[in-house]
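As a plain string of letters, each chain reads:
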Amino acid sequence: MGYTLTIIGCGVMGQAVLSAIYNAPLANSDTKHFYPQKIITCNSSKASADEVTKLISSFPKSPNGIEVECTYNFNSVAVKGSNVIILGTKPYLVQDVLSDLKGVIEGKLIISLAAGWRIEQLAAFSPKISRVMTNTPAKFGFGTAVIAHSTAVPEAEKLLVSQLISHIGTCIELPEKNMDAATALVGSGPAFVLLMLESLMESGIRLGIPLKQSRECAIKVLEGTAKMAEITGLHPAMLKHQVCTPGGTTIAGLCVMEDEGVRSGIVKGVQEAAKVAASLSGKK
C-alpha cells in the first residue's frame, strides 16, 4: 500500500506541486514507492477547495493512480492520517497553522514551501524538515526548485523529496544558508524575467512591430538565449560579446543599457528580495 500525502495551503505554489506530482509519468518498480497513493489538499474555504477540485478535474487520470481529496478546514484530520506533509501556506500563517497541528505533526516529514521560514524554526514542530523554494513555472513543468534538508531527514526521505519535486522541472540541493538568496533568485526570478520580457516586447511595439509579433519575438529571444547558455555552458559575457560587432547595433544598445543601470538594477533588485525573504522569519 502507498502512503498518504497532505498539502496544507493548496494555493498557487501548492497547486503547482500538486499538478507535477499528480501528472508524473508512470513510475517503474524502482521508483513506484516514492509516489503517494492518495493526496489530501487542505484549504481554508470551500471556494479555494473547489478551485483545486476544478484543477484536478481538468487533468486525465493520474498515470500512477494517485487519488486526490480536496478539503477545507480539515488540517488536523488530514495530517493525522498522512505520512508526508507539504506546507504551502503563506509565511505569515505558518506559525498559527503549525501550532494548531502540534499534537499530530510531530515526527512526520514536512516539505516546506514557505519563504523565509528556517529549518530551525520549523523543527520546533517536527525534526524532519525539507525546505523547498520553487517558482510559478513549476505548474507547467519548467520550474526550478532549491532544496535544503534538516539533519534528521534520512537518505531515503531525501530521495523521496527529490523524486516528488523533480517533476516541477530542475532541482538543485544547496545548504540552508543559501535559501534566502534562492528565494530571491528562483522564487522571485520569474517576475524579474517577465519585466525584461515586457520591456523587450514594448520596445518592439515602440519601433513599429505589432503586439502579437513583438510578444512572440521577445519570448523566443529569451527562450533561445537561455537554451544557448545552457547548452554551451559558456559564461553569459562570452556569449554576449559574440553578438557584438565593432561599431555595431548591439554594442551601441548595450552601452546605453549600462549607462541606464540595467545590470546594477537587476542585482540590487535580487538583493532586496533576499533581504525581505530573510525578514519574513525575523532573521536579520
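In this text, all values refer to a predicted model and were calculated from it rather than measured experimentally.

Reading guide: rules and limits
Residues numbered from 1 in each chain as written. Predicted model: local features only at pLDDT ≥ 70, side-chain atom pairs only at ≥ 80, totals over all residues. Heavy atoms only, no water. Helix = DSSP H or I, 4+ residues; strand = E, 2+ residues; numbered from the N terminus. Buried < 20%, exposed > 50% of the residue type's maximum accessible area, 1.4 Å probe, protein only. Areas by Shrake-Rupley, 256 points an atom, 1.4 Å probe, with all protein chains shown as cover. Salt bridge = Lys/Arg side-chain N within 4 Å of Asp/Glu carboxyl O. 1 Å grid on protein atoms, 1.4 Å probe; cavity = no way out; pocket = protein on both sides within 12 Å on 5 of 7 lines; lining within 4 Å. Points joined across faces, edges and corners; volume = space filled by probe spheres on them. Nonpolar A, V, L, I, M, F, W, Y, C, P; charged D, E, K, R; others polar. UniProt positions renumbered as here; feature names shortened; annotations may be inferred. Pairing = 2+ DSSP bridges. Axes fitted to C-alpha atoms, helices over the stretch in contact; angles between N-to-C directions. Core = buried A, V, L, I, M, F, W, Y, C linked by side-chain atoms within 4.5 Å. Contact = heavy atoms within 4.5 Å. Patch = residues over 30% accessible without salt bridge, like charges linked within 9 Å, V, L, I, M, F, W, Y side chains within 5 Å. Expected span 1.5 Å × (residues − 1). Polar contact = N/O pair within 3.5 Å; in protein donor to acceptor, adjacent residues only side chain to side chain.

Here we come to the overall build of the protein. For the protein, the count of helices and strands is 13 helices and eight strands. A total of 284 residues make up the protein; the buried ones form 38% of that total. Entry remark: accessible area of the protein is about 15,700 Å², with carbon and sulfur atoms responsible for 61%.

For side chains bearing opposite charge, pairing can occur when the charged atoms are close. Counted under the stated rule, the structure contains 10 salt bridges. In this structure, E157 engages K128 in a salt bridge whose closest nitrogen and oxygen atoms are separated by 3.2 Å. Of this pair, E157 sits in helix α7 (residues 155-165) while K128 sits in the loop between α6 (119-122) and β6 (129-133), and the two are 29 residues apart along the sequence. According to the relative accessible area criterion, K128 is buried, its value standing at 18%. Notably, a salt bridge pairs K158 with E155, separated by 3.4 Å at the nearest N-O pair. Placement of the pair is K158 and E155 together in helix α7, with a separation of three residues, close to one helical turn.

Okay, the layout of surface pockets next. Empty space within the second largest pocket amounts to approximately 700 Å³. Along its surface, the second largest pocket is lined by 29 residues, and G9, G11, G88, T89 and K90 are the ones closest to its centre. Only α1 (12-22), β2 (38-43), β6 and α8 (179-187) provide two or more residues apiece to the lining of the second largest pocket. Among the residues making up the lining of the second largest pocket, the classes are represented as 14 nonpolar, 14 polar and one charged.

In the UniProt entry, the feature "domain: Pyrroline-5-carboxylate reductase catalytic N-terminal" (unreviewed entry) is given for residues 5-116. Secondary structure content for residues 5-116 is 36% helix and 21% strand, and the end C-alpha separation is 23 Å.

Taken in spatial order, the eight strands of this open sheet run β3-β2-β1-β4-β5-β6-β7-β8, and their pairing is mixed. Two strands in the sheet have a free side with no partner beyond their single neighbour: β3 (67-72) and β8 (169-173). Here the average twist between neighbouring strands, direction ignored, is 20 degrees. Summarising the sheet, strand β5 (residues 109-112) and β6 pair through three bridges and their orientation is parallel. Counted as the bridge partner of I110 is I129 from β6.

Counting residues in hydrophobic clusters, the biggest one holds 34 residues, and the most contacted among them are L5, L18, I86, V132 and I165. Elements with a contribution of two residues or more to this core: β1 (4-8), α1, α2 (46-57), β4 (84-87), β5, β7 (143-149) and α7. In terms of residues, this core owes the most to one element, α1, which gives six residues. Those residues within four positions of V132 in sequence are excluded, and the remaining contacts are I111, S112, L113, A145, V146, I147, V161, I165 and M179. V79, V94, V97 and I119 belong to the second-largest nonpolar core, a separate cluster that totals 23 residues.

Taken together, V193, M196, M257, V262 and I266 make up a surface patch of nonpolar side chains, about 370 Å² in accessible area. Listing elements by their share of the nonpolar patch, those giving two or more residues are α9 (189-206) and α13 (262-279). Checked against the element boundaries, V193 lands in helix α9.

With 22 residues, helix α10 (residues 211-232) extends 31 Å between its outermost C-alpha atoms, agreeing within 8% with the 32 Å of an ideal straight helix rising 1.5 Å per residue. Backbone geometry just after α10 places G233 at a positive phi near 75 degrees.

The next point concerns the environment of S126. Residue position: S126 is located in the loop between α6 and β6. On the basis of relative accessible area, S126 is assigned to the buried category, the value being 0%. Distance from S126 to A152, taken between C-alpha atoms, is 9.4 Å for residues 26 residues apart in sequence. Reaching out from S126, the side chain makes a polar contact with the backbone nitrogen of G107 at a distance of 3.1 Å.

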